[in-house]
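Read off the chains here:
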Amino acid sequence: MRGAVIHAPGDVRFETLGDPKIQQPTDAIIRTAVTCVCGSDLWPWRGLDATDEAHPMGHEYAGFVEEVGAEVTAVKPGQFVVGSFATSDNTCANCRNGFQSNCLNREFMSTCQAEYVRIPNAQGTLVATGEVPDEEFWPGLLAVSDVMGTGWYAADAAEVRPGSNAVVVGDGAVGLCAVIAAKEMGAERIIATSRHESRQRLAREFGATDIVTERGEDGVARIKDLTDGIGADSVLECVGTDQAMRQALHAARPGGNVGFVGVPHDVAIDGQELFFSHVGLRGGPAPVRRYLPDLIDRVLSGRIEPGRVFDLTLPLDQVAEGYRAMDERRAIKTLLRP
């Protein structure tokens, strides 16, 4: 088969790789219908995460089951399935508590920008649709495997409630999906932070009521102006930088909550400041598997359209251009078709 391999910063190649095989009785092999480039893939592309040796890339996927191991009964060959970027058995104590992304048998997916993928823990990770969905739904279902599920967790962790106000820090695919999540959870006012007109438009179409273009403490001041000088009930941090985290923590009201899902890079939190702020903080890799059945239903019913974050579609063999377009902010998110 063929797939994407990163060799060094700025160097992703489309290469011939060995076909994935069943290694454990809990494995499945899927043929990808769609895959994509994630914002977090840009960290190694930009050299901010080390690439010590060449390795495959990609952790988002939706596709068709080709083969299953002897212990996999939840899905069968021919079915269309969606899974999480973090695999889980869905039976351990952490899974039962709703944190499948911290499963005791967790494995992070890392080979999905390819024609075929081995899925560990397939029994607990994969969710099949009732029938093969029309192709118009594939981008939305692909979004559910990570960015929509991650945006949903940001809103869940920040305890968005009906009638509340919420701030979304970040206008990438996760941030835009977090706007959808805040809207679905009943937030009355949703303040999105963005400096890019195309992303601002999409945020408003997803449910944002206000746009803040300022960053850092200027952004905090603007958010407080919009929230009667108090701050937001919920802040959804969807970037991962120190500036974004500071803005999120400072924009939340006393007693408010921050849900952080941006992969942290050089983020430092002052314990004294957090202590006296009375702001709650929760985040981490999103337990996407917890939300999959509900989010799949919302996509297939047309209630949400997270697939709209894909504003560039390329054949899989042009994966390197997909990285470049996102790195240069010519695209929000690149969808790849094998």
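See the structure printed just above.
Residues numbered from 1 in each chain as written. Predicted model: local features only at pLDDT ≥ 70, side-chain atom pairs only at ≥ 80, totals over all residues. Heavy atoms only, no water.

J.: Would you mind going over the sheet that holds strand 15 (residues 252-260) in detail, with residue names and values included?
T.: Strand order in the open sheet made by the 6 strands is 13-12-11-14-15-16, with parallel pairing throughout. At either end of the open sheet lies a strand with only one pairing partner, and these are strand 13 (210-212) and strand 16 (280-283). Within this sheet the neighbouring strands show an average axis-to-axis angle of 20°, counted without direction. In this sheet, strand 14 (residues 232-237) lies alongside strand 11 (residues 165-169) in parallel orientation, the contact comprising 4 bridges. Residue Val168 lies in a different strand from strand 14, and its bridge partner there is Leu236. On the sheet, helix 8 (residues 216-226) packs against strand 11, strand 12 (189-193) and strand 13 and is oriented at approximately 155° with respect to strand 13. (Pairing = 2+ DSSP bridges. Helix = DSSP H or I, 4+ residues; strand = E, 2+ residues; numbered from the N terminus. Axes fitted to C-alpha atoms, helices over the stretch in contact; angles between N-to-C directions. Contact = heavy atoms within 4.5 Å.)

J.: Lay out the side chain of Asp210 with the relevant residues and their values.
T.: Tracing the backbone through its elements, the reader meets Asp210 in strand 13. By relative accessible area, Asp210 is classed as buried at 14%. Reaching out from Asp210, the side chain makes a polar contact with the side chain of Thr209 at a distance of 2.8 Å. With sequence-adjacent residues up to four places away left out, Asp210 is seen in contact with Arg189, Ile190, Ile191, Ala192, Arg204 and Leu226. (Buried < 20%, exposed > 50% of the residue type's maximum accessible area, 1.4 Å probe, protein only. Polar contact = N/O pair within 3.5 Å; in protein donor to acceptor, adjacent residues only side chain to side chain.)

J.: Describe helix 5 (residues 147-157), and please don't skip the residues or the numbers.
T.: When you tally the buried positions in helix 5, you get 10 out of 11 residues, the bulk of the element. Among the residues making up helix 5, those that are buried are Val147, Met148, Gly149, Thr150, Gly151, Trp152, Tyr153, Ala154, Ala155 and Ala157. Tucked into the core, helix 5 has its buried residues touching helix 4 (138-144), helix 6 (173-184), strand 14, strand 15, strand 16 and helix 11 (288-300).

The quantities given are spatial measurements derived from coordinates; they are silent on function.
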